[in-house]
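Remarks on the overall topology
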Amino acid sequence: SINITSVLEELHILENNEAWSTGQNWGAGTNASSKTIFSPVDGKAIANVLFATRDDFDQVIKTAQSAFESWRLLPAPKRGEIVRQLGEELRVKKKALGALVSYEMGKSLQEGLGEVQEMIDICDFAVGLSRQLYGLTMHSERSRHRMYEQYHPLGLVGIISAFNFPVAVWSWNAALAWVCGDVCIWKPSEKTPLTAIACQKIAAKVLAANGIDEGVSCLIIGDREIGELMANDERVPLISATGSTRMGKAVGAAVGQRLGRSLLELGGNNAIIISEHADLNIALPGVVFGAVGTAGQRCTTTRRLIIHESAYEEFKTKLSAAYAQLRIGDPLDELNHVGPLIDKDAVQQYQNAIAKAKEQGAKILVEGGVLEGDGFESGCYVKPAIFEAENHFEIVQHETFAPILYIMKYKTIEDAIALQNGVPQGLSSSIMTTNLREAEKFLSHAGSDCGIANVNIGTSGAEIGGAFGGEKETGGGRESGSDAWKVYMRRQTNTINYGADLPLAQGIKFDL
Ligand code: UN1
């Protein structure tokens, strides 16, 4: 079993046994407030954390600006070398950081470790990328002219992340931004600041060992006001925000107002289509992990199942049987499948959603409920629930961050795709089928409208190598792999005349 005190010690995140301050020293000597962070695992207080003020925010921006001046001049492959060392340090700290993620956020230890693995993977990706920030060359229409484009560092990148992936989302953004020559200001969820502090300490150590200003990696812990300040501040050219659609709409509007750039990765309402040609041995674990993993608190969580009418009864029976096997409890105990929700507010929202589902006519297949008694003292443990519902129900159209699955029937693949697309969100989607025609139809122009569309795997658990994000209310941004790096840089088109005349483009004559 895990000893949390030694995990906290290994990660060096407690100073004076209590509140914490960074090398950047915000919070020191100001009127910063402090907040006690409780674990949803056992309800115990973990530590007090200082919350930044408006003045602190200003100080952090100045620190970042000054770090940017020198960081952008370091050649990209050298910046990649720093990120490589960060990946190495994360390998060393993987067990401790994974355990803290699990304890502070409540996901299973396996998933906590998996999240740190995503951080290591994105560092590796970014190291390679640091030698591949390619632009194109073009042939000029004018003689003795050369055209090309290059990508320059953008500046300060504000990263707003959510509690559910308290460390990985930061690293997807930061590792790319750093090799691109940007500096980062991270505002983690106020629900999971300790894992953020742990990451900051790890990054600070690597930067210091290389004689680099810690301002390359800035952390600011605060409430919504800090996020608003950042979104409205034109000194921050890019805001990358991951979280609820409600938050994203506010951030997107504020950034848009000043014509800044935003990368939004927001809510999902992800469905799996179970075709009559599905291999149910694959479909079942895919659905169950997708629906109950991370206690339904991934943006990629499977929230809807669209099942062919001929497979419906059989799959329903299998699903109920599988849910009956689920072990709910301490996520640090590897025997358990489902840990707690993040806090009691989340439990309340889970209960509200269940009440609404019933009110709107959904039929209970697997009954939910809040768990009480031994091992459930935090009050955050709930039972994964399944409802038979219709897609148009208001509650089904809505993302509830909890393990509630809505199942429904379809007749034709066209209907199934229409149901899958018939929600405001567009993050992840899957089809379980061994039929080539319907798989390809699902992936075609007339298929899934999501940023992620899978065949014979679930909706969650994407690898870092692909671009991650989605359409519609999911916000349209792409983080992580592929060419997502381009949003972290400014593109410049260059035309060079190496001749002795000045021909104008489009053949325009202008004789003096
Ligand atoms: C999130 O929930 O915000 O695809 C990110 C997945 C993970 C990332 C989820 N790799 O489920």
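The structure this text deals with has already been given above.
Reference entry: report on the structure contained in this document. Per chain, residues are indexed from 1 in the order of the written sequence. The predicted origin of the model limits local features to residues at a pLDDT of at least 70 and limits the giving and counting of side-chain atom pairs to 80 or more, whereas totals for whole chains, interfaces and linings rest on all residues. Remark: hydrogens and water are excluded; side-chain values derive from all non-hydrogen atoms of the structure.

1. A closer look at the overall build of the protein
Put simply, DSSP marks the helices as runs of H or I at least four residues long and the strands as runs of E at least two long, and each gets a number from the N terminus on. Counting its regular elements, the protein contains 13 helices and 23 strands. With the radius of gyration taken over C-alpha atoms, the globule rule is written as 2.2 Å times the number of residues to the power 0.38. Taken against the 2.2 N^0.38 rule, which gives 24 Å for 512 residues, the C-alpha radius of gyration of the protein at 24 Å falls within 12% of a compact globule. Only protein chains enter the accessibility calculation, which uses a 1.4 Å probe; a residue is then buried when its area is under 20% of its type maximum, exposed when over 50%, and partly exposed in between. Considering the protein as a whole, with its 512 residues, one finds that 56% of them fall into the buried category. Sequence separation of at least 24 residues holds for 75% of the intrachain contacts in the protein that already meet a minimum separation of 6. Only heavy atoms enter the contact rule, under which two residues are in contact if any of them lie within 4.5 Å.

2. Brief notes about the sheet that holds strand β6 (residues 183-187)
The sheet built from five strands is open, its strands ordered β7-β6-β5-β8-β9 with parallel pairing. Unpaired on one side and paired on the other, β7 (217-219) and β9 (261-265) mark the two borders of the sheet. Direction aside, neighbouring strands of the sheet carry axes that sit 15 degrees apart on average. For strand β5 (residues 156-160) and strand β8 (residues 238-242), the ladder comprises four bridges, and the chain directions are parallel. Along β8, the bridge assignment pairs Gly158 with Ile239. Every axis in this analysis is a line fitted to C-alpha atoms, fitted for helices over the stretch in contact. Angles between the N-to-C directions lie between 0 and 180 degrees. Sheet strands touched by helix α2 (residues 54-71): β5, β6 and β7. Its angle to β6, the strand with the most contacts, is close to 155 degrees. On top of the sheet, helix α6 (residues 193-209) reaches β6 and β7; it is set at about 155 degrees to β7, its chief contact. For two strands to be treated as a pair, DSSP must find at least two bridges joining them.

3. Some remarks on the pairing of strand β15 (residues 385-388)
A two-sided burial pattern is seen for β15, the buried positions comprising Ala385 and Phe387 on one face and Ile386 and Glu388 on the other. In this structure, strand β12 (residues 363-366) lies alongside β15, joined through three bridges in antiparallel fashion. The residue bridging Lys363 from the neighbouring strand is Glu388, located in β15. Looking at chain direction, β15 and strand β16 (residues 404-410) are connected through four bridges and run parallel. Bridged to Ala385 within β16 is Ile404.

4. Focus: the packing of helix α7 (residues 224-232) against helix α8 (residues 245-257)
To characterise two packed helices, one gives the angle between the axes of the helices and the distance between these axes. In the contact formed by α7 and α8, the axes pass within 8 Å of each other and the chain directions differ by 35 degrees. Here the hand of the crossing between α7 and α8 comes out right-handed. Residues Arg224, Ala231 and Asn232 of α7 lie in contact with α8, whose contacting residues are Arg246, Val251, Ala254 and Val255. Grouping the constituent residues of the contact of α7 with α8 by class yields four nonpolar, one polar and two charged. Note on convention: the crossing is left-handed when the near helix lies turned anticlockwise from the far helix by less than a right angle, right-handed when the turn is clockwise. Charged means Asp, Glu, Lys or Arg here, nonpolar means Ala, Val, Leu, Ile, Met, Phe, Trp, Tyr, Cys or Pro, and polar covers whatever is left, Gly included.

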